[in-house]
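Architecture and fold: a report
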Amino acid sequence: MGSTQVCHLMLFFSVLGVILEVTLGNTSDDSHWLLRIKSELVDPLGVLGNWSPGDDICTWNGVTCSDDQTYIVGLNLSSSGLSGPLSPDLSRIISLQMIDLSVNSLTGSIPPDFGQLQNLRQLLLYSNSLSGKIPEEIGLLKKLQVLRIGDNMLTGQVTPNIGNLIELRVLGVAYCQLNGSIPTEIGNLKHLQSLDLQKNSLGGLIPLEISGCMELQNFAASNNRLEGGIPASLGKLESLQILNLANNSLSGSIPIELGRLSDLKYLNLLGNRFNGEIPSELNQLSHLEQLDLSRNNLSGTINLFNTQLKNLEVLVLSENFLTGDIPRFICVRDSYLWQLLLAQNKFSGNFPLELLNCTSLQELDLSGNNLKGELPPSLDKLVNLTDLLLNNNSFTGTLPPEIGNLSALETFFLFDNMITGQIPAEIGKLQRLSILYLYDNQMSGSIPRELTNCSSLTEMDFFGNQFTGSIPPTIGKLKNLSFLQLRQNDLSGPIPPSLGYCRKLQRLVLGDNKLSGSLPPTFKFLSELFLISLYNNSLEGPLPECLSLLKNLRIINFSHNRFSGRIFPLLGSNSLSLLDLTNNSFSGSIPSRLSMSKNLTRIRLAHNLLNGDFPSEFGQLKQLNFLDLSFNNFTGELPPELSNCTNLSHLLLNSNQFFGMIPAWLGSFQELGELDLSTNNFNGTVPPELGKCSRLLKLSIHSNRLFGDIPQDMGNLTTLNVLNLQRNNLSGPIPPTLQQCKKLYELRLSYNFLTGPIPPELGSLTELQVILDLSENRLSGEIPPSLGNLVKLERLNLSFNELHGEVPHSLGKLTSLHMLNLSNNHLQGQLPLSFSGFPLSSFSGNDKLCGPPLASCAKSSGPQKKWMSNTAVAGIIVAIVFTATVVCSVLLYIMVRMWFKWRMVSISSSENNKLEHKREEEKWVYGDHEIRTGEYWDVNTMALVPAQQRESPTTTCIFHLKMNTESSKNSFA
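Note that the structure is predicted; figures quoted are calculated from it, not measured.

On to the overall build of the chain, then. When helices and strands are counted, the chain shows six helices and 67 strands. With 973 residues in all, the chain has 49% of them scored as buried. Sequence-distant contacts, at least 24 apart, represent 48% of the contacts inside the chain between residues at least 6 apart. Approximately 44400 Å² of the chain is accessible, and the part contributed by carbon and sulfur atoms is 52%.

Spelled out as structure tokens, the structure:
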């Protein structure tokens, strides 16, 4: 080779070196940039400790150089504990092919300068604290094959420039805060194998273009806000092995085209809105291992068969509307199915015996269906079963003893069925059993001692059965027990001392039984106990002092027992949130130590023998919302410190001996829903500030010594249901503003000195139902007719007032009334007919009332005069005159007839002139004719009068009878 050629060759390599130095950089420059990056980072683990100018850069931790050691090709500082900003200086190292800074605490945004890294093939920044948007410049990385930037706080949309990364195999942006839709440009990524978009806020439709990703094997977009249906074009992705679209808002039917995904192993569509039937085409997915279609709206019967889905390991169809029997071929012998979850559907029929051949089953959940019948004794064929959930069905019969042969069983739920009989002793063989829930059945008998051999038991709940006898004395053998509930049974006898040796016990619920005796001192060993509920038993005696050692107690309910003595032993914990000792015989004062539990929300000490002043320390309990000290012997005034308890919703201090004025600061309790200060010795006036308690539902301050007017501000209590101010010394009128309390259903103002009329506005309180009691006051005026609008009212008492007037007939509309008392007023008039069913005592003391059930108003007597109308008087006069005229006419007719008979006898006895007799007789005859023809007598409507006298119509009947004898004689001559 000549010298000229050698020179040319040397020149070529010199130029090539310059080119490579420009395109790939050199280690000396790269070390400068890396050291600048190091200076910006916090390195608590010292991973960058050997990054120093004096060392070879290719030996620095995390740095990978090219084969000839001339430039850097990789930087891997994953899981190094680094924090600080993601430096744009990395873009200066243009030779980088791989950057892995994942699983650190890097902050800031992804620098747009990264678009200069033209040689980059892998960029892994996942699991940091990066924020901001995905830079559009990311689309310039033409050689990029893996981009994983998920598990950060990235926002904005997935940039469409992603579609420019035509060499991309893996795209992971899961667990960020991205929104917008999946860009259609994603379909340009022909070589994409994994697309992970999970746990973002992506919405819109799944783009049809995604079918262009022909090499896609993993498509995960769960936990987003995707809508619409699954594109049928997804069926073209023949390489797809994982399809996870769970927890979106996808709807419509499941496309049958999914049956073409012959390589699919994992299909998860849970938590969407798919409807219709499960397509039978899914049976073609012979490689399918896991199928989850739960929490959708699928209906119809199951069309999936284990005979075709031979590789199926997990089948979850819970929380749908599937019906019919459970198919007999859903799980067959020698299958791989280990998890079958069909809960919360509408399956019916008996327990499917064919399932017993599926010996591979480890988890079987048939809960929340309509299954019935008895549990098969051959359940023990499921030898690998670890979880058996049969709760919330209608299974009957007894628990078969063969259940004791399920040696692998860890969780057994049978609650909310109709199982009867005893717990079989064989259950004691289940050494791995951890959770046993048998509550809400009809089981009876004693709890077998053998159960305490189940040494792995952590939770046991037998609530709501009919178990009798005592708690097994060997229960202390359950060293792992953390939750024991035997509430609402018929258990009796003492609490066994060995229970105190269940040192891991956290929740103990034995309420609603017949347990007796005292608490065992061994309870001092229950150091992890945070809930103890023993209410409604017959436990008695003072509390063991050693209970003060239980420092983790948060909830205590000893109510409705016979405990006595001091409550101090229960106050060893500073973490109490609920203390209920209602209805016992505890005595003494409330220890101030109770205020050490700053998280107390409920204190119930009613119906005891406690005494002393109201503890001012309660003012430190800022979270307190329920305080009940009623029915004790507390005295003194309410301390002003209580005004700090502004979260109180229930304040019950009734039936004590508190005195003083009701404090005005109670009006600042905006959350107060119930205030009961009744049966104490409070005096003074009702504070108007109570009207500011805008959420008050019940206000009861009866049986005190309050005086003065009822404040108008009571009308501001628009949510009030019960108002009871009776048995005080209140005076003045009933405020009409009460009409604003539209939700009142009980109003009691009796036994006061209220005056004035009943406000008609009370008739607008149409929700009044329990009672309206205004009795024993000095109310006057009439009963307002508007009270007839209270159609729901059941009891009305207006007795012992000074009411007058009539009872309004509108009250007859009160058809719901079953108690009415209007007695001892000044009422009058007729009662409404609907009041006839009430006793006489309801109206006594009102002498002028009448009508059923009182005497009839027509028969009632009294000094009251009732004047008739002029029309009635005129009618009566006409009737009297007409009757008198008829009587007089009849009498006149009779007298005339008698006179004629006398006259005829007188003539017939005359012996002087027989001829005259004959003529007189003829005259008599003719005279009769004359009378008939009206020539002489005129028939008047008032009387028979001579024709000459027809001009005197005012002559009375008596004068008509005084006839002129001479005139009569002449007329017959």
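With that settled, the discussion passes to the packing of aromatic side chains. Per the counting criterion, the structure on display carries 17 aromatic pairs. On the numbers, 6.2 Å between centres and 20 degrees between planes, the contact of F563 with F586 is stacked. Here F563 is found in strand β42 (residues 562–565), whereas its partner F586 is found in strand β44 (residues 585–588), with 23 residues between them in sequence. Among the residues examined, F563 registers a relative accessible area of 0% and is labelled buried. One aromatic cluster in this structure is built from F413, F415, Y437, Y439 and F463. Cation over ring: R148 sits above Y126, and NZ or CZ is 4.2 Å from the ring centre. Note that R554 overlies the ring of F530, its terminal NZ or CZ placed 4.2 Å from the centroid.

This part covers the side chain of S294. Residue position: S294 is located in the loop between β19 (290–292) and β20 (297–300). Classification of S294 by relative accessible area gives buried; the value is 6%. Among the polar contacts made by the side chain of S294, one reaches the side chain of D292 at a distance of 2.7 Å. Here S294 is in contact with L269, L270, G271, V316, L317, S318, E319 and N320, once residues within four sequence places are set aside.

Quick look at the sheet that holds strand β28 (residues 394–396) now. Pairing is parallel across the open sheet formed by nine strands, whose spatial order is β12-β14-β16-β18-β20-β22-β24-β26-β28. Of all strands in the sheet, those bounded by a partner on one side alone are β12 (203–204) and β28. In terms of strand pairing, strand β22 (residues 321–324) meets strand β24 (residues 346–350) through two bridges, oriented parallel. Opposite T323, over in β24, you have K346 as the bridge partner.

To continue, consider the state of the cysteines. Considering all chains together, one arrives at three disulfides under this definition. With its sulfur 1.4 Å from that of its partner, C331 forms a disulfide with C358. Separated by 27 residues along the polypeptide, C331 in the loop between β22 and β23 (339–341) and C358 in the loop between β24 and β25 (363–365) bring together distant segments of the chain. Between C850 and C857 runs a disulfide, and the two sulfur atoms are separated by 2.0 Å. Between C850 and C857 the sulfur-sulfur dihedral comes to about 90 degrees; the bridge is accordingly right-handed. For the chain, the disulfide bridges join cysteines in the arrangement 1-2, 3-4, 5-6, where the cysteines are counted in sequence order.

Attention shifts here to the sheet that holds strand β32 (residues 442–446). Reading across the sheet, the three strands line up as β30-β32-β34 and stay open at both edges, with parallel pairing between neighbours. If you trace the sheet from one side to the other, it starts and ends with β30 (420–421) and β34 (466–468), each paired once. Bridge count between β32 and β34: three bridges; the pairing is parallel. Opposite S444, over in β34, you have Q466 as the bridge partner.

Here the structure, examined in full by the defined rule, presents eight salt bridges. Two residues, R36 and D89, come together in a salt bridge whose shortest N-O distance is 3.5 Å. On the criterion of sequence distance, the pair formed by R36 in helix α2 (residues 27–40) and D89 in the loop between β3 (83–85) and β4 (98–100) is long-range, its members being 53 residues apart. R36 gets classed as partly exposed once you look at its relative accessible area, which sits at 38%. Between E167 and R169 there is a salt bridge, and its shortest N-O distance comes to 3.2 Å. Overall, E167 belongs to the partly exposed group, its relative accessible area being 30%.

Parameters at a glance
- Residues numbered from 1 in each chain as written.
- Predicted model: local features only at pLDDT ≥ 70, side-chain atom pairs only at ≥ 80, totals over all residues.
- Heavy atoms only, no water.
- Helix = DSSP H or I, 4+ residues; strand = E, 2+ residues; numbered from the N terminus.
- Buried < 20%, exposed > 50% of the residue type's maximum accessible area, 1.4 Å probe, protein only.
- Contact = heavy atoms within 4.5 Å.
- Areas by Shrake-Rupley, 256 points an atom, 1.4 Å probe, with all protein chains shown as cover.
- Phe/Tyr/Trp six-rings, centres within 6.5 Å; stacked < 30°, edge-to-face > 60°.
- Lys NZ or Arg CZ within 6 Å of the ring centre and 35° of its normal.
- Polar contact = N/O pair within 3.5 Å; in protein donor to acceptor, adjacent residues only side chain to side chain.
- Pairing = 2+ DSSP bridges.
- Disulfide = S-S within 2.5 Å.
- Salt bridge = Lys/Arg side-chain N within 4 Å of Asp/Glu carboxyl O.

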